[in-house]
Amino acid sequence: MQVKLILSFCFLVSASVSEAQFWKKDKTETSTEAKKDEPKKGGNIFQKAMSKVTKMVGNLAGELGGSVAETPNLDDVNVLASVGTNIFPKDLGLATNDFLKGEWIDNGDFTMLMLSSPNGFQFFKYAGTIKLNGKELKHQSFGIHTAVEAPNSGNKKISFEKNGVEEGSFTVPPPSKNIQLISINGAKSSVNIDLTKDVVLELANFSTIPESLIRVDIVTSIIGMRSLTMAAYVKPAAKVVIPAAAFRNLETQNKGTGFKNSYLMVSDQQLVKSVAQSGVFKEPVIAVTGSNAGMWVNVTNSPEIAKGITFSDIEKVNGSELEVSVKKLNAAYAMPLSFAKKIAVASMSIQGTTQLYESKTNNWTKTETTKSIDFPQIPEEWLQEVLAGMYAQFTQATAAVSNGQVLPESAIPSAPSYELVQNFFKDEMNTADQFLTVYKNLNPIKPLTSSSMRLFGENALLKETSADALLKVSIALQLSYDGKPAMTPYLTVEMDGVSNGGFRSFVGNTKYFSITIKGAPYIIKKGKSLTKDELAKIVQTNDLATAYKNALINLKDKEAAIGDYEIVWKLQQ
């Protein structure tokens, strides 16, 4: 039984556009005033249809594809729980309501459970009944079970029953405080805001523990689909200023973002431990609870949403031309390089193919042309020497440009969570036609294939090593036969950071940057023996490292010229 968890997936039901959360009506504004100031809002027919189709297709694809299965017990299941109080009324018009078949109580309590595997992309339906305070939680899609209760319904006892017998239960307490949004730019109703300027929020009744953050969302519309989109995380205070840079860096990569009939929401979420565990639940379950507040706003002016930094270049190094591509998303997804004060190397690997076979038939001449390459097996000790050079050069370049400190190479392999995040082991990748060699057990890291990985994947490694960034470096050697047989090195360097907002995030880890560099093809000459010197010429570590450092310097300059990354991320300090 896995009870590690828990991501606030209950705030995510409109995944295709943005994640929905919960809010409480500001007590200073009566429902009559709200109705007078704003006409009833609702998603259009297209939104309602798309929500139903998305859910239907999701259920069908999940069940046919095996990603959703029925589990007879909870032995290897992560139980992910979330509780939201004072949920938004239906007239906000979010796609969430359409997804949930209209089961909604304005300003009520919303509870959501998600059953998933700890380390793989697998969701579950329980072969029994899941109840919330005696009421059944309905399975919606992809292992998501939900129930809505009247406002202020108190503790949430969640029980798993099968054949009339309770297998286990636990209770999640509701939020201890319900945040209030008193005013926006001093106004308590009929609020007009210009998103190209700073916005001042007056708050009350928020949590004050050191790790507290207030999430700020705004309702956006994309081709008629209305969703709450994250604008910023800020340290709680009676008055907080949301800079215009935050609204330029919304957590969206969609084009055509609109703000018609918008709404600004604040959310105060906390990780809590369950109480009164019984049966299979031997330890407390960690759950997310959230209280929320918001106001209708009329957006009088809006910015163009930043897409981040992307550029490509041809870098000439020692007579060779290297193709460089750099990508850094906007500040909602990426931290400034200056935040990478302690850098842990998460993976360092070299891989490639040693065989190539191509066949092409000319239907006119009835002839077949074949091309094949059988590259010799590369001794392990040679590859380890290459990796040692890669480690030295790429860590030095990264530290020099970011002004960060690289932690000992053993930091990640010795972390408690290391075994959970490895994508594969090198023995599985070394075959007759391919190879993978890693430096000092720094295996490639598993991607986010389950919700629990968002908390217990790279975020856990960062916390356990006290690192600010995870550096991942790989070189892939690829065979080709375009006129002449050749082997080309492809460098990929990524540096990941903690999820924006920590456990509150729905999109996984941030990424300081992603840099890919294609080296010059090395022509393979028939009959020539492979030596260590020849291998060095193929891999081109020195040239790749030079191009990488120059690209990183260029990126740092562009980031500084924009300025938004520092502004947005300092809100959390």
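Values in this document were obtained by computation on a predicted structure and should not be read as measured data.

### Concerning the overall build of the protein
Within the protein, the regular secondary structure consists of 12 helices and 30 strands. Counting contacts in the protein only where the partners sit at least 6 residues apart, residues at least 24 apart contribute 74% of the total. Entry remark: accessible area of the protein is about 24200 Å², with carbon and sulfur atoms responsible for 51%.

### Some words on the pattern of salt bridges
Scanning all chains against the criterion turns up 15 salt bridges. The partner of Lys-570 in a salt bridge is Glu-566, with the nearest N and O atoms 3.7 Å apart. Here the residues in one salt-bridge network are Glu-458, Lys-472, Glu-494, Asp-496 and Lys-511, joined through shared partners.

### Comments concerning the sheet that holds strand β18 (residues 275-279)
With antiparallel pairing, the five strands of this open sheet are ordered in space as β6-β5-β9-β10-β18. On the outer flanks of this sheet lie β6 (135-136) and β18, each paired with one strand and no other. Taken together, the four bridges between strand β5 (residues 129-132) and strand β9 (residues 156-162) define a ladder with antiparallel strand orientation. Paired with Lys-131 across the two strands is Ser-159, which belongs to β9.

### Here's the deal with the nonpolar core
Ranked by size, the top nonpolar core spans 74 residues in total, and within it Met-348, Leu-491, Met-495, Tyr-512, Phe-513, Ile-517 and Tyr-548 carry the most contacts. Per-element accounting of this core gives the leading share, nine residues, to helix α5 (residues 380-402). Sequence-distant contacts of Tyr-548, that is, excluding residues within four places in its chain, are made with Phe-394, Ala-397, Thr-398, Leu-471, Leu-491, Val-493, Phe-513, Ile-515 and Ile-517. In terms of nonpolar packing, the next biggest core, distinct from the first, is built from 30 residues, Val-191, Leu-201, Ala-231 and Ile-242 among them.

### Some thoughts on the sheet that holds strand β13 (residues 199-204)
Pairing is antiparallel across the open sheet formed by three strands, whose spatial order is β11-β13-β16. Both outer strands of the open sheet, β11 (180-184) and β16 (239-242), are each paired with one neighbouring strand and no more. Geometrically, the sheet is characterised by an average inter-axis angle of 30 degrees between neighbouring strands, direction not taken into account. Inspection of the sheet shows β13 paired to β16 by four bridges, in the antiparallel sense. Across the sheet, Leu-201 pairs through a bridge with Val-240, a residue of β16.

### Some details on the packing of aromatic side chains
Two aromatic rings, taken as a pair, are described by how far apart their centres are and by the angle between their planes. Throughout the structure, instances matching the rule amount to nine aromatic pairs. Judged by centre distance (5.5 Å) and plane angle (40 degrees), the ring pair of Trp-104 and Phe-110 falls under tilted. As far as burial versus exposure is concerned, Trp-104 and Phe-110 are alike and both buried. Between Phe-513 and Tyr-548, the ring centres sit 6.3 Å apart and the planes meet at 50 degrees, which makes this aromatic pair tilted. Here Tyr-548 lies in helix α11 (residues 541-562) and Phe-513 lies in strand β29 (residues 509-518), a separation of 35 residues in the sequence. Tyr-548 carries the same exposure label as Phe-513, and that label is buried. A cation over a ring is seen here: Lys-328 above Tyr-565, with NZ or CZ 5.0 Å from the ring centre. Residue placement shows Lys-558 over the ring face of Phe-311; its charged tip is 5.2 Å from the ring centre.

### Some words on the environment of Ala-520
Position of Ala-520 among the secondary structure elements: in the loop between β29 and β30 (522-523). Residues Ala-520 and Gly-319, spaced 201 residues apart in sequence, show a C-alpha to C-alpha distance of 9.9 Å. Not counting the four nearest positions on each side in its chain, Ala-520 is found in contact with Ser-320, Glu-321, Met-487, Thr-488, Pro-489 and Gln-540.

### Points about the packing of α5 against α11
One way to put it is that α5 packs onto α11 with a least axis distance of 10 Å and a crossing angle of 20 degrees. Comparing their axes, α11 and α5 come out roughly parallel. α11 is crossed by α5, and the crossing has right-handed handedness. Contact with α5, carried on its side by Val-386, Gly-389, Met-390, Gln-393, Phe-394, Ala-397, Thr-398, Ala-400 and Val-401, involves Thr-541, Asn-542, Leu-544, Ala-545, Tyr-548, Lys-549, Leu-552, Ile-553 and Lys-556 of α11 and no other residues of that element. Residue composition of the contact of α5 with α11, grouped by class: 11 nonpolar, five polar and two charged.

### With respect to the packing of α5 against helix α10 (residues 532-539)
Between α5 and α10, the least distance of the axes is 11 Å, while the angle of their chain directions is 45 degrees. If you check the angle between α5 and α10, you find them oblique. Of the two possible hands of crossing, α5 and α10 adopt the one that is right-handed. Each of Trp-382, Leu-383, Glu-385 and Val-386 in α5 lies in contact with α10, whose residues at this interface are Lys-532, Leu-535 and Val-539. Partitioning the contact of α5 with α10 into residue classes produces five nonpolar, no polar and two charged.

Quick notes on the rules
- Counting restarts for each chain, with residues numbered from 1 along the sequence as it is written.
- Per-residue local features of the predicted model are confined to residues with pLDDT of at least 70, and side-chain atom pairs are confined, for both listing and counting, to 80 or more; whole-chain, interface and lining totals are unaffected and use all residues.
- By convention in this description, side-chain values take in all heavy atoms of the structure and omit both hydrogens and water.
- Comment: elements are numbered from the N terminus, with helices defined as DSSP H or I runs of at least four residues and strands as E runs of at least two.
- In this analysis, two residues are considered to be in contact whenever any of their non-hydrogen atoms come within 4.5 Å of each other.
- Per-residue accessibility takes into account occlusion by the displayed protein chains alone, with areas from the Shrake-Rupley method and a 1.4 Å probe.
- The salt bridge definition used is simple: a Lys or Arg side-chain nitrogen within 4 Å of an Asp or Glu carboxyl oxygen.
- Here the rule is simple: two strands pair whenever DSSP picks up at least two bridges between them.
- Nine residue types can take part in a nonpolar core, namely buried Ala, Val, Leu, Ile, Met, Phe, Trp, Tyr and Cys, and a core is a set of them joined through side-chain atoms within 4.5 Å.
- Working definition: with a 1.4 Å probe on protein chains only, accessible area under 20% of the residue-type maximum means buried, over 50% means exposed, and in between means partly exposed.
- Here, axes are lines fitted to C-alpha atoms. For helices the fit covers the stretch in contact, and angles between N-to-C directions go from 0 to 180 degrees.
- Aromatic pairing here means that ring centres of Phe, Tyr or Trp (its six-membered ring) are within 6.5 Å. Orientation follows from the plane angle: under 30 degrees is stacked, over 60 is edge-to-face, and everything else is tilted.
- Working rule: Lys NZ or Arg CZ, within 6 Å of ring centre, within 35 degrees of ring normal, means a charge sits over the ring.
- Should an angle lie under 35 degrees it is considered roughly parallel, over 145 roughly antiparallel, and from 65 to 115 roughly perpendicular; all remaining angles are considered oblique.
- In this scheme, a crossing is called left-handed if the near helix is turned counterclockwise away from the far one by less than a right angle; it is called right-handed if the turn is clockwise.
- Note on residue classes: Ala, Val, Leu, Ile, Met, Phe, Trp, Tyr, Cys and Pro are nonpolar, Asp, Glu, Lys and Arg are charged, and everything else, Gly too, is polar.

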